[in-house]
There are 2 protein chains.
Amino acid sequence: MAYARRVIEARHLRVLRAVATTGSFSAAGRELGCTQPAVSQQMKALETSVGTPLLVRAGREMRLTQAGEALVRHASGILAGLTAAEEEVAAIAGLRAGRVRLVSFPSGSSTLVPAALAALRAAHPGTRVSLEEAEPPRSVELLREGDCDLALAFRYEGAATAEDWDDLVVRPLLTDRLVALVPERHPLARAESVAIGELAGEPWIAGCPRCRGQLVQVCEGAGFTPRIDFATDDYPAVVGLVGAGLGVAVLPQLAVESVRPRGVRAVRLEPAVRRKIVALTLPDLAPVPTVAATLEQLARAARRP
Amino acid sequence: MAYARRVIEARHLRVLRAVATTGSFSAAGRELGCTQPAVSQQMKALETSVGTPLLVRAGREMRLTQAGEALVRHASGILAGLTAAEEEVAAIAGLRAGRVRLVSFPSGSSTLVPAALAALRAAHPGTRVSLEEAEPPRSVELLREGDCDLALAFRYEGAATAEDWDDLVVRPLLTDRLVALVPERHPLARAESVAIGELAGEPWIAGCPRCRGQLVQVCEGAGFTPRIDFATDDYPAVVGLVGAGLGVAVLPQLAVESVRPRGVRAVRLEPAVRRKIVALTLPDLAPVPTVAATLEQLARAARRP
DNA sequence: CTTCGAGCATAAGCCATCCTTGGAGTGATC
DNA sequence: GATCACTCCAAGGATGGCTTATGCTCGAAG
């Protein structure tokens, strides 16, 4: 008796509906692309599973019992819901819909991200992106906690504290380098390049906490400790302070690009200090179409700076 | 590629919902009464069939992607519709709902049918019966055409025109017999029984067309042709006409029972002329619970007249 | 009245699917 | 560091579904 405890499947309803509309098993089989015995067995199985006849074979024609009518009546709604669900998922899978939650650090979100999102929007108008700003340690945390789908992060070459990204999908985007910012009238303003040590005696203006740590580390590698007079994670402010002659700064090239260099000069730092900018995502998220598409546009945006 | 063209089944949604609510494959398996690999495979199949990941395995916990969320959102409605359908069909199958369409000839619908339907209503309050009146040839026709589920019919013993009921389910209910109706002051009114020939010279009042044919046949069997002065299929009218002394009649016992015998006497006809009263239904309809239950109540009502 | 065609039921066989078991790897917890 | 819980993977076995083939009934046409 426990064997009859089977449950109605969508397939049963599809077959039943076909039988109800066509009026015969054979026609239903043709409509469904299977043979008549398949339909016959399917209906028999459904009838035993619901425990009551659903169809009356009256001579030539096939009629529904009351239970059959009830089932057909429900079937339309159920199958409609099912196709609606398939539609919606297909829309997301086909990039006609769906939202990807992106987290980026500030200098990324002002350069790479806008270009990438513009391209994404052009290619797949249905997709939506939500953007949040966070510096790397936090952004990776957000990713791992499931609060975002895609994180832009960076890592300085030779950095002491190497975050563990082994369990993530890492897509290198581009390699940024630090530039020194000096006031226009500074002696080094016209230099081709500058060694960090040449700025040892200057007052410094530091960027975000992480950049600041990086700055100190680089300076100490060159044998001095920078005298930091100001610290702000607002890049235009840094540029403004340098332009006002209050000190020098080093910033990532990417950060400088989005700020008008009013009264300052950006001089290449030699030897170069580089940071690798990457996009991170969870392995399970990488094949998600919206994520993959966004990632692809970020990579393309990075190729032509 | 054509292989990925599979379609979402209710089973997939059940599993997905269980995973979404429990948060793990193992727990979902326990809830569904199967093993964890079964859940895992089921989800993998669903993901390939919709073409996009639905779940993110993030460390310990299991989260839904956007497509997964969409599917779960639809799933609740779809599965609710499915259980509603099962409920309704089960209600019909379990005699808590459902309507049976009954056709009966007049003398049946005034005696057998009310008793049977009262018992049915008492036993299964949810069931409903629609009753229509039709004489046997027509009622069987209605049955065959699918316009009713159950037909009460009768057949006179030794009748010339034997309808073909071989393809129907025939349930004998009772055997009725004809009685002669004579005015109270008629010489035969006190007789124990009467032979049809004894009424050869009387004016006759005939019933329905079919009863009339039967009457003529019986009389001719006894060697005379009845002089029919009145014909009506209204039994009380027949009784009234006999009571008024306008003639005699023969009626089925069952028909007389539901009419007050005002001024008439019912005398047993000997030799007896009997008719078998049966319930008819289509073979496919017989196992339908509402039909079976109605049939059963009719049989029980027939056993105690 | 017989023949023919259409449709359904059933049986047997094949194939896909599904589920289970057993084992390995991994992250979190004590 | 050991344990527990969870997942994935692989292989085996059972179940179910579909197909072909066959027989039957019914209705229409010759």
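Residues numbered from 1 in each chain as written. Chains lettered and ligands numbered in written order. Predicted model: local features only at pLDDT ≥ 70, side-chain atom pairs only at ≥ 80, totals over all residues. Heavy atoms only, no water.

### A short note on the packing of aromatic side chains
Point 1. With the rule as written, the count across this model stands at four aromatic pairs over all chains.
Point 2. When the centroid spacing of 4.7 Å and the interplanar angle of 80° are considered together, the rings of F105(B) and F154(B) count as edge-to-face. Of this pair, F105(B) sits in the loop between β3 (99–104) and α5 (106–109) while F154(B) sits in strand β5 (residues 150–156), and the two are 49 residues apart along the sequence. Just as F105(B) is buried, F154(B) falls in that class too.
Point 3. Cluster of aromatic residues (ring-pair linked, three or more members): F105(A), F154(A) and Y156(A).
Point 4. Above the face of the F154(A) ring, R275(A) is positioned so that its terminal group lies 4.4 Å from the ring centre. (Phe/Tyr/Trp six-rings, centres within 6.5 Å; stacked < 30°, edge-to-face > 60°. Helix = DSSP H or I, 4+ residues; strand = E, 2+ residues; numbered from the N terminus. Buried < 20%, exposed > 50% of the residue type's maximum accessible area, 1.4 Å probe, protein only. Lys NZ or Arg CZ within 6 Å of the ring centre and 35° of its normal.)

### Quick notes on the environment of L174(A)
All names here are of chain A.
Point 1. The residue L174 is located in strand β6 (residues 169–183) in this model.
Point 2. When its relative accessible area of 19% is taken as the criterion, L174 is described as buried.
Point 3. Considering only alpha carbons, one finds L174 and I277, 103 residues apart in sequence, at a separation of 5.4 Å.
Point 4. In this structure L174 touches L112, R275, K276, I277 and A302, once residues within four positions along its chain are discounted. (Contact = heavy atoms within 4.5 Å.)

### Thoughts on a positive patch on the surface
Point 1. On the surface, a cluster of positive charge is contributed by R6(A), R11(A), R6(B) and R11(B).
Point 2. With respect to the helices and strands, R6(B) occurs in the segment before α1 (10–22). (Patch = residues over 30% accessible without salt bridge, like charges linked within 9 Å, V, L, I, M, F, W, Y side chains within 5 Å. Areas by Shrake-Rupley, 256 points an atom, 1.4 Å probe, with all protein chains shown as cover. Salt bridge = Lys/Arg side-chain N within 4 Å of Asp/Glu carboxyl O. Lys, Arg positive; Asp, Glu negative; His and termini not counted. Charge placed at Lys NZ, Arg CZ, Asp CG, Glu CD.)

### Here we look at the side chain of T232(B)
Residues and elements named next belong to chain B.
Point 1. Within the secondary structure, T232 sits in the loop between β9 (227–231) and α9 (235–243).
Point 2. There is a polar contact of 3.0 Å between the side chain of T232 and the backbone nitrogen of D234.
Point 3. Not counting the four nearest positions on each side in its chain, T232 is found in contact with A206, G207, C208, A237, V238 and L241. (Polar contact = N/O pair within 3.5 Å; in protein donor to acceptor, adjacent residues only side chain to side chain.)

### Regarding the interface of chain A and chain B
Point 1. Listed by partner, the interface residues are 45 residues for chain A and 45 residues for chain B.
Point 2. Between chain A and chain B, roughly 3400 Å² of surface is buried when both sides are summed, and carbon and sulfur atoms account for 62% of that area.
Point 3. If you look at where chain A meets chain B, you find four salt bridges.
Point 4. Between E9(B) and R14(A) there is a salt bridge, with its nearest N and O atoms 3.6 Å apart.
Point 5. At the boundary of chain A and chain B, one finds 14 residue pairs in polar contact (both at pLDDT 80 or more).
Point 6. Elements represented by at least two residues in the side of chain A that touches chain B include exactly α1 (10–22), β1 (55–58), α4 (66–93) and α7 (136–144) of chain A.
Point 7. Here the element with the most residues in the side of chain A that touches chain B is α4(A); it accounts for 16 residues. (Buried area = accessible area lost by both parts, 1.4 Å probe.)

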